[in-house]
Amino acid sequence: MYQLDEKIYFYVLVLLPVLLLLFLAFKFWQRRTQKNFADAQLLDKLSPNRSTFKSVVKLILIMLALACLAIALVNPKIGTKLETVKREGVDIVFAIDVSKSMAAEDIAPNRLEKAKRIVSEIINNLASDRIGIIAYAGQAYPQLPITTDYSAGKMFLQSMNTDMMSSQGTAINEAIDLATTYYDDQDQTNRVLFLISDGEDHSDMAIESVEKAREAGIKIFTIGVGTAKGGPIPIRVNGIIDSYKKDQNGEVVITQLDENMLNGIAREGDGEYINGSNTEEVVDFVTETLNKMEKTEFESKQYADFKDQFQWFVAAAILLLFLDIFLLERKTVWVQRLNLFNEKEKNEK
């Protein structure tokens, strides 16, 4: 297992193709200038020791040295020991609505981005709880199984968008049914499901799924994103709003937050509903709610004793630069003596 401390320094590698292009441009200019000065045979006589091969080797050495320095700045670490760690926590599943109505901008920047920010902030406040993520619209799809890897959770979270589902609607019942399969620990006493949605266009089968989840010991909390006033659903082309969704009569569709429906699901699911307009209030509510719950001990394996490996790349970069300094661009005498390409015979002729 490895870790990368400063991934931003990978951008240094962009300099490599730039350096290669500059070298090729210089060689093209050099060759064209030399042709204007004299023909190839005369140039060979004027500078018999020049070596194109060595200039290429020097470029490769510099590029490799630069790549090593970039990796050294990233500071890769390798886990040297796999440990089984005992933790106490709650199993939490986030079911996030990614239907088209979540693109409405009645809450900045839009409903889905607000939902993603809320979940991200909640994850930041977790310590040893396990998390899972579900995306749903007309259907529900698993995004992240139950895990303690919060970094992976945030990565999957950021990739979610309103175009990831072909079928539209708000199949909350499917999201709840899928969530019940996430809790793999039979001894886990507290199982929590957070439904983040605007509550619109929901399935009538939601309450039936809530009852099944409650029987399985799952508490359902709902977080509403959007406003009662609502807003239109933008249709974007290349990231720019082209128009707004319209109904069969050609009227612009206004999508509104359905708090009554979300309240009903939370009430039936032994949980609570909270409006997601204020991210800080939602995070405080969730943190307080989880702290009141009984924690269950579980085991997880993780790598420990991560050790820095940057020094190897620094040493390699120094060695490559050292070779570059002592590698001259003219032909080496002992290589000339080997006469690998029968150059002497050609010159004599």
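Everything discussed here concerns the structure shown above.
Cut-offs and rules
Residue positions are given per chain, counted from 1 along the sequence in the order it is written. Residue-level local features of this predicted model are given only where pLDDT is at least 70; pairs of side-chain atoms are given and counted only at 80 or more, and the full residue set underlies all totals for whole chains, interfaces and linings. Based on all heavy atoms of the structure, the side-chain values leave hydrogens and waters out of the count. When DSSP finds two or more bridges between two strands, those strands count as paired. Labels follow the DSSP assignment, with helices taken as runs of H or I lasting at least four residues and strands as runs of E lasting at least two, numbered in each case from the N terminus. All axes here are fitted lines through C-alpha atoms, helices being fitted over the stretch that makes contact, and every angle between N-to-C directions spans 0 to 180 degrees. Note on terminology: a nonpolar core comprises buried Ala, Val, Leu, Ile, Met, Phe, Trp, Tyr and Cys residues joined through side-chain atoms within 4.5 Å. Each residue gets one of three labels from its accessible area relative to the maximum for its type: buried under 20%, exposed over 50%, partly exposed in between, using a 1.4 Å probe on protein chains only. Whether two residues are in contact is decided by their heavy atoms, any of which lying within 4.5 Å being enough. Each aromatic pair joins two rings of Phe, Tyr and Trp (for Trp, the six-membered one) with centres within 6.5 Å, and gets the label stacked for planes under 30 degrees apart, edge-to-face for over 60, and tilted for any other angle. The handedness rule is simple: strands pointing away from the viewer, and a clockwise path from the first strand over the helix to the second, make the crossover right-handed.

Here we take up the sheet that holds strand β7 (residues 218-224). Strands pair in a sheet through their backbones, by hydrogen bonds, and they do so in one of two ways: parallel or antiparallel. Read from one edge to the other, the open sheet built from six strands follows the order β5-β4-β3-β6-β7-β12, with strand pairing classed as mixed. Either end of the sheet is taken by a strand with one partner, and the two such strands are β5 (140-147) and β12 (273-275). Here the average twist between neighbouring strands, direction ignored, is 15 degrees. In terms of strand pairing, strand β3 (residues 91-97) meets strand β6 (residues 191-197) through six bridges, oriented parallel. Bridged to Phe94 within β6 is Phe194.

Further remarks concern the nonpolar core. Ranked by internal contacts, the top residues of the largest apolar core, which has 36 residues, are Phe94, Ile96, Phe194, Ile196 and Leu290. Mapped onto this core, the elements with two or more residues apiece are β3, α4 (111-124), β4 (130-136), α5 (150-158), β6, β7 and α9 (279-292). In terms of nonpolar packing, the next biggest core, distinct from the first, is built from 26 residues, Ile134, Tyr183, Ala266 and Tyr273 among them.

Sheet topology places β4 next to β5; five bridges connect them, and they run antiparallel. Looking across to β5, one finds that Ile134 is bridged to Pro142. Connecting β4 to the next strand, β5, in antiparallel fashion are three residues.

Attention shifts here to the environment of Gly276. Counting through the fold element by element, Gly276 comes out in the loop between β12 and α9. Assessed through its relative accessible area of 0%, Gly276 is described here as buried. Distance in space between the C-alpha atoms of Gly276 and Gly226 is 7.7 Å, their sequence separation being 50 residues. Gly276 has contacts with Ile107, Lys114, Ile118, Ile223, Gly224 and Val282, leaving out every residue within four places of it along the chain.

This part covers the packing of aromatic side chains. Under the defined criterion, the tally for this structure stands at four aromatic pairs. Where Phe94 meets Phe194, the ring centres are 5.8 Å apart and the plane angle is 20 degrees; that geometry is what we call stacked. Of this pair, Phe94 sits in strand β3 while Phe194 sits in strand β6; the two residues are 100 residues apart in sequence, bridging distant segments of the chain. With a relative accessible area of 0%, Phe94 lands in the buried category. Residue classification places Phe194 among the buried positions, given a relative accessible area of 1%. Grouping aromatic residues by their ring pairs yields a cluster made of Phe94, Phe194, Phe221 and Phe285.

In the case of a regular strand, side chains alternate between the two sheet surfaces. Of all seven residues that make up β3, seven are buried, and the element is covered over most of its length. Side-chain alternation along β3 places Asp91, Val93, Ala95 and Asp97 on one buried face and Ile92, Phe94 and Ile96 on a second face that is also buried. Where β3 meets β4, seven bridges bridge the pair, whose relative direction is parallel. Bridging from a neighbouring strand, Ile92 pairs with Ile131 of β4. In this region the chain leaves β3, passes through α4 and returns to the parallel neighbour β4; the handedness of that crossover is right-handed.

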